[in-house]
Every structure is written in C-alpha cells, then in structure tokens.
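# Tertiary structure, described
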There are 2 protein chains.
Amino acid sequence: MREDDPVPTERTSSGDPARTLQLLWRDAPAAPDRRRGPRRGLSIDAVIDAATAIADTEGLDALTMRRVAKDLGVVPMTLYTYVPGKAELLDLMLDAAYARMPRTDTTGRPWRQRVTALAEENKALFARHPWAATVSTARPPLGPGQMAKYEHELSALDGLGLTDVEMDDCLAHLLAFVQASARAAADARAARHDSPMNDQEWWEANAPLLARVLDEKTYPTAVRVGAAAGAAHGSAYDPDHAYAFGLERVLDAFAALIDRGTGG
Amino acid sequence: MREDDPVPTERTSSGDPARTLQLLWRDAPAAPDRRRGPRRGLSIDAVIDAATAIADTEGLDALTMRRVAKDLGVVPMTLYTYVPGKAELLDLMLDAAYARMPRTDTTGRPWRQRVTALAEENKALFARHPWAATVSTARPPLGPGQMAKYEHELSALDGLGLTDVEMDDCLAHLLAFVQASARAAADARAARHDSPMNDQEWWEANAPLLARVLDEKTYPTAVRVGAAAGAAHGSAYDPDHAYAFGLERVLDAFAALIDRGTGG
DNA sequence: ATTAACTCTGTACGCAGTACGTTGTACCAC
DNA sequence: GTGGTACAACGTACTGCGTACAGAGTTAAT
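Everything quoted here is computed from the prediction, not taken from an experiment.

### Comments concerning the protein's contact with DNA strand C
- Taken together, 27 residues lie around DNA strand C, and Arg-66, Tyr-80 and Lys-86 of chain A together with Gly-41 and Thr-78 of chain B are the ones closest in.
- Of all atoms in DNA strand C that approach within 4 Å of the protein, 64% are sugar or phosphate atoms.
- Within the backbone of Val-75 of chain B, an N or O atom sits 3.3 Å from a phosphate oxygen of DNA strand C.
- Per-class residue counts for the surface near DNA strand C are 10 nonpolar, 7 polar and 10 charged.

Spelled out as structure tokens, the structure:
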C-alpha cells in the first residue's frame, strides 16, 4: 500500500530539436534512398495513440516505454525506431492532443463569451488528458496542433482593441490560469485516489494533533478563514469553485484592458 | 549529451498522514519508553537541510535518497529512520521553506502594495527554491510553516471589505498565479540549460523547416502576433514580463472586487 | 546480566530509460 | 537469380532509482 507513484513532470524535448520538428510535422526523413528493409509494423501515430490511451486512463506514471510497447505487441526497443525517446513522444502526444481539440467559432459574440469559450476548451483538454496539465512546456513543441491552437485562440482575442503584444500576453495569462487550475484539480484527484482514506477519515485521523497544534491565538485569521472556506465548499479545496472564481477574476482583469477609454 | 532529466513533480504525502503531521510539528513519537538504542547521529533538520541544499543548487532530479545520504556521510537506508520516505521528506522541505520565508509587515499600506508584497514574497521563495514551484501540493502539508504563511497572507488581505471566503479565494488565485509563473520560468531556464544551443542557434537550426511550414496564409494571426511578441521581449518567452503583466491583471481583478460599491 | 528497543548497515529486488550488438527482411544493382 | 545493403525488430545488459528486509551493534530498562 505504499504506492508512492511520483507523477513526473517529464520535461519534453531533449534530443535533436530538428528531428523532433520533423516528426511533429510528419516531415519525411529526407528520403535519400527510399524504403529499403522490412516493412514497418507500426506507425508513429499508432505509438502516439497507444501512449495517449495509457496516460489518459492510468496517468503519466503508468506511461512507460515498456508499457507502450507491450500494448502494441512489440519489444520496448522497437519504439525507438519510431521515436527518438520518451521526451519526444510526449511532445508528439501533446501536439496531437492540441490538434484534436474542438474549436468553437465565437466570432461576433461578446468578448467575455469568447474568452470563456477559450478557457472551457482548454479545461476540456485537461479533463480529457489530465497528464497534459503536468507536462512542462518550456520551449513548446511548435507542431501543427500547437500552431492551430495558437491561431484559433489569438483569433478569438483579435479585434478587441488590444495590441498584438497584449493579445499574446493575455492569452498566455489565461492559459496559465487554466493549466494551473487543471494541475490543482489533478493533484486533488491524485491525493484522493492513492490514499486509502477520504477527506473525512483523514480529518478524523488527524484531528487530535491538529486541535492541539492549530491554536486560535497564534493563527486567528487562518483558523477563521479556513473554517469559513471549508464550510462554503464541501471540502478543504474545491477545484471547480477555484476555476469558476478564477475565471471571473481573469475576465474582470481583461475588462480593465479592453474597456479602457470606452468608459469602463 | 542526452541528459534527459525529467524534473519530476514528485507528489508529496504518500504514507501514513498522521506520522507526517507528527514530523511536521516535530511531535515526539508518543515516547512510550523513551530513548533506548544508540544515540542518533543526525537530526531530521539535518536531513531536510541537506536535501534542500541539493534541490536548490542542482534541481529536483538530482535529489535522490542516495545523494542526500552521501552528503550526510551515511548509507542511504539510514535516512529511513529519520523520514518515512522521499515523499514525506519533500513535505518537510516545503514546510521548512515556508517557515523561513521573510514576511514583510504591510499593515496600513494601500491594498495594492500589500498584495504586491505577497506576490513578491512568493516569487522570492521560488527564486530561492525553484523546486518548490514544481512539487505538487494536493492536500498541502499542514505544517507550522504552511500555517504561518497562510496566517500572514490572509492577514494582508484582511480588512479590505472581502468576505472570508473571498479572502481565501483571492489568496489561492494569487498564489496559483505566482506558482504558475515560477513554473514557467523554471521550465524556460531548464530548456536553456540542458540544450547545447541557445535560442538563436535553435532558431537558425530550425528556420528552414519552420519557414516552409509556418505558412502566413494558414496561420495569419499567429505569425503576426508571434512576431510582435517575440520582438517586444527579447525572446519567444520572457518570464519576467509574463509575471509583471500577470500581476497587474490580478491586481485589476481584485480591484473589481474590493472597490465595488465604493464607486470604482 | 539479560532483554528489548532502537540506530545503522549491507544486500537485494523491481522498475525505469535506453545503449549496443545481432538477426532477419526486403529492395537495389548486377 | 543473387549478392549487397539499409533498415526493422529483437534480446541483452547497464546504470540508477526508491526502498524492503535481515542483520549487527548500541543503549536503557528490568
């Protein structure tokens, strides 16, 4: 019952970036002397799909090269003829997930609806692929999915009176918020999952020590507010509420930029 | 030069939570029959400090039980008499880091200054301990450091006309923003670090393929805005700018809550 | 003096990513 | 045909991780 599984962030993009870009755009490998040797039994997309299926249903820590290989009926090392390594596989998974995102057209609608739609699309992405919230995107894979997503999302922010730089800044801010929410939600889910006790049991088990130690005199505000917040939402942390509250804040913040000069 | 180092998120809190709480509060182990056996050569704090030093200077992926043990001159398994496991060690490290945060007293100052101070304190935490931004805090370790931090930060938001629940919500929103910024900054740093090429070299290496593939007709907004953003800050992503911009947004958002009714 | 609790140690297991060398297959030039 | 060659797939093996487990040594209570 240890079950420590560390849920790694698994930074992407390790090896030769040019090779990774070629893979992302499905660019043929220069084809100097095309197609010798035995036929390939799999495809990059089969590998990506198998890996994505595992990560979706069992989490990033269950996603191992050995496991992907087993699901595809090959030996682990075979995967390395399709993909340079695990980091690049994650890049490809992420770009594929981006590419598959449904993109609602909100042209003509009021800007709050448009921004909300963007947030919801990304929230849905992280709901379908919880691992996507936890892979790091330093130097994000500039694949077709990423580009389509970026184009779509910028378009939704176009024509609101923002400068180009502000559009990029606002989008980054919004996406960071949604991703942080998704990460927090995933963390909360994970905490619930791999602990044999639920929130109530946990509280009961720790109440004696906490009662002794969480003194109302030393932590007056914390005790007061913590109790109020805990009572308001059912538990100590409510991801849905945090998302709803935060999205309203982000919208208000954008309003201060967008409505400036128009008498906000 | 592979150097894939996955920068794990390393979820905290795996084993018996009651034991973890005891460790956090340095609660004696029930002492039924106190102190038999040989004298301890180390202390929990020595283990925490050694681990923190490693994580600070070399990153979370360099933080292994073996490494901590080596730095302390003991064999790896010895650590397990001080700490139930690596997850709990991370909890303790985080709470200790919280406890050591300098907390500036901003009573009486305008609320924007107070909130900004909170953000800066947390930004400084993540600057000193970059790993802290990447460890997950589902069911955060309710240690003395965490509580002192929570009390301090709520106090800064007290008396602004917010309800208790709103105070908690706003604080969570602010902290999530700072943490997300720190994560992004750490990602950017990591990408620069473990790639032999800098941004310019990377661009030059990939320019041919990107030029062929990033069509202005298919991605008009993306190309336009991406160019503008890239030109405005020096590179593709500027963590400092993102933080500054985002903090202004968060403050504007809070203003909409705080100044409501007072003629905002 | 004996015993029991406790610290520290050494060895070992399972699992990860993946380097490396081999085997077998299919196309190309002859 | 037939040999050469490029390539896919495989098997083995290495390093390093967290930590279970069993033993050896050390101290305080009996």
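Next comes the rest of the write-up.
### Some remarks on the pattern of salt bridges
- Tallying each qualifying case throughout the model produces 20 salt bridges over all chains.
- Across the pair Asp-252 of chain B and Arg-112 of chain B runs a salt bridge, and its minimum N-O distance is 3.2 Å. Of this pair, Asp-252 of chain B sits in helix H10 (residues 239–258) while Arg-112 of chain B sits in helix H5 (residues 111–128), placing them 140 residues apart in sequence.
- Residue Glu-153 of chain B is joined to Lys-149 of chain B by a salt bridge in which the shortest nitrogen-to-oxygen separation is 3.2 Å. One end of the pair is Glu-153 of chain B and the other is Lys-149 of chain B, both in helix H6 (residues 144–157) and 4 residues apart, which spans about a single turn.
- Taken together, the salt bridges that share partners define one network made up of Glu-58, Arg-67 and Asp-71 of chain A.

### Details of the nonpolar core
- Membership of the largest hydrophobic core comes to 70 residues, with the highest contact counts inside it found for Trp-25, Leu-63, Met-93 and Trp-131 of chain A.
- Those residues in contact with Met-93 of chain A that lie beyond four places of it in its chain are Ile-48, Ala-51, Thr-52, Ala-55, Leu-63 and Trp-131 of chain A.
- Core analysis: the next-biggest nonpolar cluster, separate from the first, contains 69 residues, Leu-89, Leu-92, Met-167 and Ile-258 of chain B among them.

### Concerning the protein's contact with DNA strand D
- Among the 28 residues in the neighbourhood of DNA strand D, the closest are listed as Gly-41, Thr-78 and Tyr-82 of chain A together with Arg-66 and Tyr-80 of chain B.
- Sugar and phosphate atoms represent 62% of those atoms of DNA strand D found within 4 Å of the protein.
- Interatomic distance of 2.9 Å between a side-chain N/O atom of Tyr-82 of chain A and a phosphate oxygen of DNA strand D.
- A distance of 3.0 Å separates a phosphate oxygen of DNA strand D from a polar atom in the side chain of Lys-86 of chain B.
- When grouped by side-chain class, the residues that make up the surface near DNA strand D number 10 nonpolar, 7 polar and 11 charged.

### Comments concerning the packing of helix H5 (residues 111–128) of chain A against helix H6 (residues 144–157) of chain A
Residue and element names in this part refer to chain A.
- Closest axis-to-axis distance for the H5/H6 pair is 9 Å, and the angle between their directions is 155°. What the angle tells us is that H5 and H6 run roughly antiparallel. As for the relative orientation of H5 and H6, their crossing is left-handed in sense. Contact residues: Arg-114, Val-115, Leu-118, Glu-121 and Asn-122 in H5; Lys-149, His-152, Glu-153, Ser-155, Ala-156 and Leu-157 in H6.
- In terms of residue class, the contact of H5 with H6 is made up of 4 nonpolar, 3 polar and 4 charged.

Cut-offs used in this document
- Residues numbered from 1 in each chain as written.
- Chains lettered and ligands numbered in written order.
- Predicted model: local features only at pLDDT ≥ 70, side-chain atom pairs only at ≥ 80, totals over all residues.
- Heavy atoms only, no water.
- Near = heavy atom within 4 Å.
- Polar contact = N/O pair within 3.5 Å; in protein donor to acceptor, adjacent residues only side chain to side chain.
- Nonpolar A, V, L, I, M, F, W, Y, C, P; charged D, E, K, R; others polar.
- Salt bridge = Lys/Arg side-chain N within 4 Å of Asp/Glu carboxyl O.
- Helix = DSSP H or I, 4+ residues; strand = E, 2+ residues; numbered from the N terminus.
- Core = buried A, V, L, I, M, F, W, Y, C linked by side-chain atoms within 4.5 Å.
- Buried < 20%, exposed > 50% of the residue type's maximum accessible area, 1.4 Å probe, protein only.
- Contact = heavy atoms within 4.5 Å.
- Axes fitted to C-alpha atoms, helices over the stretch in contact; angles between N-to-C directions.
- Parallel < 35°, antiparallel > 145°, perpendicular 65-115°, else oblique.
- Left-handed = near helix turned anticlockwise from the far one by under 90°.

Function-wise, these values are silent; they only describe arrangement.
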